[in-house]
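# Structural overview
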Amino acid sequence: MYKKYLLAILTALAIFQVHAAPFHSQQTAANENPLFMESTLPLHYPRFDLIKNSDFAPAFAKGMAEELQEVEIIANNPEKATFENTIVALEKSGALLTHVSAIFFNLNSANTNPQIQKLMRELAPKIAAHKDTIFFNSKLFARIETLYNARNTLGIDAQAKRVLWRYYQDFVRAGARLSIADKAKLKALNEEIVSLQTDFVQKNLNEVTASSVYVDRREDLAGLSDAEIDAAAMQAKADGHPDKWVIHLQNTTNQAVLAKLIHHSIRQKIMDASLRRSSHGGDNDTRINVITLAKKRAEYAKLLGYPSFAAYSLADQTAGSVDVVNKMLGQLAPLAIAKARSEAAEMQAIIDEEKGGFQLSAADWAFYAEKVRKKRYDFDESQLKPYFELNHVLLDGVFFAAHKLYGITLQERHDLPVYEPTVRVFDVFDKDGSRLAILIIDMYARSNKKGGAWEAEYNAQNGLRGTQPVIAIHLNIPKVAPGQPTLLTHDEVRTAFHEFGHALHSMFSHIKYPRIASTNVPRDFVEYPSQINEMWASWPEVLQNYAHHYQTNAPIPKDLLEKIEAANKFNQGYATTESIGANVIDQAWHQITATEISAVDDVLTFEAAALQKAGVDFAPVPPRYRSTYFSHIFGGDLYNYAAGYYSYFWSEVLDADSVKWFKAHGGLKRENGDYFRAQVLSRGDSADPLLLFRNFTGSYPDIGPLLQRRGL
Ligand SMILES: [Zn+2]
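What this report covers is the structure whose coordinates are included nearby.

## Overview of the overall build of the chain
Across its full length, the chain holds 29 helices and 7 strands. The C-alpha radius of gyration of the chain comes to 25 Å, within 12% of the 27 Å expected for a compact globule of 712 residues. Overall, the chain is about 85 × 60 × 55 Å in size when its C-alpha atoms are taken along their principal axes. Residue burial in the chain is summarised as follows: out of 712 residues, 60% are buried. Contacts in the chain between residues at least 24 apart in sequence constitute 75% of all its contacts with a sequence separation of at least 6. A total of about 27300 Å² of accessible surface is found on the chain, and carbon and sulfur atoms cover 53% of it.

Structure follows, in structure tokens:
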């Protein structure tokens, strides 16, 4: 929620207008701040080659000042409020701020440095205050409210009506109707919240580095491939430890290497490092951030008339209420935990058979799950990887499927600047050959890059101005030693398809007003286009096209394919339970009232009690994120999922339902792709998203296909 408004300010209230150096036209180009000018590169592609850290602060200052000036002019317009002189004018305001924000926030996630981090800390509360200045402008709100009340007599079309409704909602939910005293309270809360979030992210990032596990002997890493061990040595050397090997942690609780490491003691060491992140004292401890954020958010919701932050947040989502979310989690929890317990029993049997003499713990799960998988399906991850070489996966998989469905083609180009040498750039051409977008692909993990995978927009589609998208997708694939091919896990392959699904949503957007264009949909709908795109990763025709052995080019054997298919339901007890655990934590911190939170003094105790109450306290399956490193909900990223982590399940319900539709209509076909594009991917938030879904599939979402898919 909160961030959504920030996002609204940063990417939607504003569009990028021509800033052809109006203020510094006498200076030489070398002195010019490149952020003040519109890039002359194709589609206004960012000038990564010219932008310096020191350019951001003045660009933010100027961007905010300009936007406030523009807003004042709109608010004080002596003419009667019209849709054109108010809403359209707002949509056109704040261009420079939108431009600089997109570049700055994206770089802070993908390629940060201490100066950017420092500026981020300084800027976050200033931007929050800036946003409030606009939302609390009573003359401006009066114009919006007048228009909103007269919406049916203005003679405007459906899209215009929708954007007007959206503005009205944005302002009301941001406190535009509060008294002056309450506005001041809300403003102070906003600044505190955003500072705490920024601080949380930076502590987490530093903690990930501080939690790296160094090992002294090569044999401790037994189970990893030689290439992986070499990469671990290379990374340790880069960290300043030339005689060691390092395991860098990923942002989730479970760590991918645990599936392979043979020695129980090293596995335990890695899991312990992962679980205790930011909760053991020192500079990177976030426990105080967690409690304070939960408290401040509860107070925030109370001011706006809601019993809890979750109630406030969910009112603006397609799920609509706390009850709907609790019902879904309640339906899933007992099924998931029962499945997880039976999976654990199966693994314990193997440990006992091997005379291991220990009880299965969280640290052992992935390793023994691999054994079960091998035993039951007779294959393991290492057999698959040679068939998932990065270029095959991208060009012959992700792009191939998109070509089949939508007729688009992608072509790599090397003439545009990048912020990191491994980053790649592609032109995207539409079915008629015209240019649709530019796609940046940033695949590899780096210590200055946020964990996980995500899509971001540098320039969003904007029908008022006629601009086309420049977007980026990011993964965190471990970097390989020079000369080695990049081989993906099954999971990473799926993630590549997933992020490209977000990219399609951005690229196909065909909406006049930026506030309701592209991925500016409710948070619990935004994962739907990406999750549905995952289905093509395992679609036989697509798989046969990309899954070729990187050395022999032999296609992936048919029996291996069948085993993958059969194994799809494998380990779903674990996967579902760990996600529900994270959801329970999220809802617990946000369904609490402002009064209740004052009695909470220990984060880990609160977390444990919440998991127990929901019946998902099963030590071998820890939550996917614990409170202290759950940056989705406590972090300051552009997309904050506070009270909204359920969105992944929610979107999966929509996704599983839609997969059924695609299968029933012949699968990978242009006709189907074009229909999905027309009904959903091009529509942004121009209509109620659940209505778009219903128009597409013919009915409202049903949880059945999800339960079936996960084998629950
Ligand atoms: Zn996603």
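## What to know about the nonpolar core
Core analysis: the biggest nonpolar cluster contains 189 residues, and Trp365, Phe388, Ile408, Phe500, Trp536, Tyr546 and Trp589 have the highest contact counts within it. A per-element tally of this core places helix α13 (residues 322-353) first, with 13 residues. Setting aside anything within four residues of it in sequence, one finds Trp536 in contact with Ala401, Leu405, Phe497, Val542, Phe662, Gly667 and Leu668.

## Section: the coordination of the zinc ion
Here the zinc ion is held by the protein donor atoms His498 (NE2), His502 (NE2) and Glu527 (OE), which lie 2.1 Å from it. Binding-site remark: the zinc ion is held by donors from one chain whose sequence spacing is H-x3-H-x24-E. Note that His502 is positioned in helix α17 (residues 490-507) and Glu527 in the loop between α18 (523-526) and α19 (528-533), a separation of 25 residues in sequence. The two residues His502 and Glu527 agree in class, both being buried.

## Quick notes on the packing of helix α26 (residues 647-664) against helix α28 (residues 689-697)
The contact between α26 and α28 brings their axes to 10 Å, and the two run at 20°. For the element pair α26 / α28, the angle class is roughly parallel. Here α26 and α28 pass one another in a crossing that is left-handed. Residues Leu654, Asp657, Ser658, Trp661 and Phe662 of α26 form the contact with α28, whose participating residues are Leu690, Phe693, Phe696 and Thr697. For the contact of α26 with α28, a count of residues per class yields 6 nonpolar, 2 polar and 1 charged.

## Structural notes on the pairing of strand β4 (residues 424-429)
In terms of residue burial, β4 counts as a mostly covered element, since 6 of its 6 residues are buried. Bridging between strand β3 (residues 409-413) and β4 involves 5 bridges; their strand directions are antiparallel. In the strand pairing of β4, Glu412 is matched with Phe426. Note that β4 and strand β5 (residues 435-444) share 6 bridges and pair antiparallel. Note that in β5 the partner of Asp427 across the bridge is Ile438.

## Details of the pattern of salt bridges
Applying the stated rule across the entire model yields 50 salt bridges. A salt bridge links Lys187 to Glu191; the nearest nitrogen and oxygen atoms lie 3.7 Å apart. Note that Lys187 and Glu191 are positioned in helix α8 (residues 180-210) at a spacing of 4 residues, about one turn of the helix. You can call Lys187 partly exposed: its relative accessible area is 27%. When the shortest N-O distance is used, the salt bridge between Lys203 and Asp199 registers 3.1 Å. Within this pair, Lys203 and its partner Asp199 are both found in helix α8, separated by 4 residues, close to a single helical turn.

## What to know about helix α2 (residues 53-75)
Across its 23 residues, α2 extends 34 Å between first and last C-alpha, which sits within 8% of the 33 Å expected from 1.5 Å per residue. Three or more residues of α2 are buried, namely Asp55, Phe56, Ala59, Phe60, Lys62, Gly63, Met64, Glu66, Glu67, Val71, Ile74 and Ala75.

## A few points about the environment of Thr252
Among the structural elements, Thr252 can be located in the loop between β2 (245-247) and α10 (264-275). Here the alpha-carbon distance between Thr252 and Val659, two residues 407 residues apart in the chain, equals 27 Å. Discounting residues that sit within four places of it in the chain, Thr252 has contacts with Ser274, Arg277, Arg624, Tyr625 and Tyr629. Only 2.9 Å separates the side chain of Thr252 from the backbone oxygen of Asn254, close enough to count as a polar contact.

## Focus on the packing of aromatic side chains
One pass over the full model with this rule turns up 44 aromatic pairs. For the pair Phe525 and Tyr528, a centre-to-centre distance of 5.3 Å together with 50° between the ring planes defines the contact as tilted. There is no split in this pair, since Phe525 and Tyr528 are both buried. Here the aromatic rings of Tyr625 and Phe630 are separated by 5.1 Å at their centres, their planes lie at 15°, and the arrangement is stacked.

## Side note on the sheet that holds β3
The strand order across the open sheet formed by 5 strands is β3-β4-β5-β7-β6, and the pairing between neighbours is mixed. A single partner strand is all that each edge strand has here, and the edge strands are β3 and β6 (454-459). Between one strand and the next, the sheet's axes are offset by a mean angle of 30°, whatever the strand orientation. Across the sheet, helix α4 (residues 95-110) touches β5, β6 and β7 (470-477), and the angle it forms with β6 is around 150°.

## Some remarks on the side chain of Ser509
Mapping Ser509 onto the fold places it in the loop between α17 and α18. One polar contact links Ser509 to Gln461, side chain to side chain, over a distance of 2.7 Å.

## Some details on the side chain of Lys563
Residue position: Lys563 is located in helix α21 (residues 558-567). Looking at Lys563, its side chain comes within polar contact range of the side chain of Asp378, at 3.5 Å.

## Let's talk about the packing of helix α22 (residues 572-591) against helix α24 (residues 603-613)
For the pair α22 and α24, the least separation of the axes is 9 Å and the interaxial angle reads 115°. Both α22 and α24 take part in a crossing whose hand is right-handed. Within the contact between the two elements, α22 uses Gly581, Val584, Ile585, Ala588 and Trp589 and α24 uses Val603, Phe606, Glu607, Ala610 and Leu611.

## A word on the environment of Ala338
Take Ala338: it is sitting in helix α13. On a C-alpha basis, the gap between Ala338 and Asn111 in space is 42 Å, while along the polypeptide they are 227 residues apart.

## Topic: unusual backbone geometry
In this structure, Asn553 is a non-glycine residue whose phi angle is positive, near 65°. With respect to the helices, strands and loops of the structure, Asn553 is situated in the loop between α20 (540-546) and α21. Taking relative accessible area as the criterion, Asn553 reaches 44% and is therefore assigned partly exposed. Of note, Asn571 is a non-glycine position whose phi angle comes to about 65°, a positive value. Here Asn571 lies in the loop between α21 and α22.

Rules and cut-offs
- Residues numbered from 1 in each chain as written.
- Predicted model: local features only at pLDDT ≥ 70, side-chain atom pairs only at ≥ 80, totals over all residues.
- Heavy atoms only, no water.
- Helix = DSSP H or I, 4+ residues; strand = E, 2+ residues; numbered from the N terminus.
- Rg over C-alpha atoms; globule rule 2.2 N^0.38 Å.
- Buried < 20%, exposed > 50% of the residue type's maximum accessible area, 1.4 Å probe, protein only.
- Contact = heavy atoms within 4.5 Å.
- Areas by Shrake-Rupley, 256 points an atom, 1.4 Å probe, with all protein chains shown as cover.
- Core = buried A, V, L, I, M, F, W, Y, C linked by side-chain atoms within 4.5 Å.
- Donors = N, O, S within 2.8 Å, 3.2 Å for Na, K, Ca; no water.
- Axes fitted to C-alpha atoms, helices over the stretch in contact; angles between N-to-C directions.
- Parallel < 35°, antiparallel > 145°, perpendicular 65-115°, else oblique.
- Left-handed = near helix turned anticlockwise from the far one by under 90°.
- Nonpolar A, V, L, I, M, F, W, Y, C, P; charged D, E, K, R; others polar.
- Pairing = 2+ DSSP bridges.
- Salt bridge = Lys/Arg side-chain N within 4 Å of Asp/Glu carboxyl O.
- Expected span 1.5 Å × (residues − 1).
- Polar contact = N/O pair within 3.5 Å; in protein donor to acceptor, adjacent residues only side chain to side chain.
- Phe/Tyr/Trp six-rings, centres within 6.5 Å; stacked < 30°, edge-to-face > 60°.

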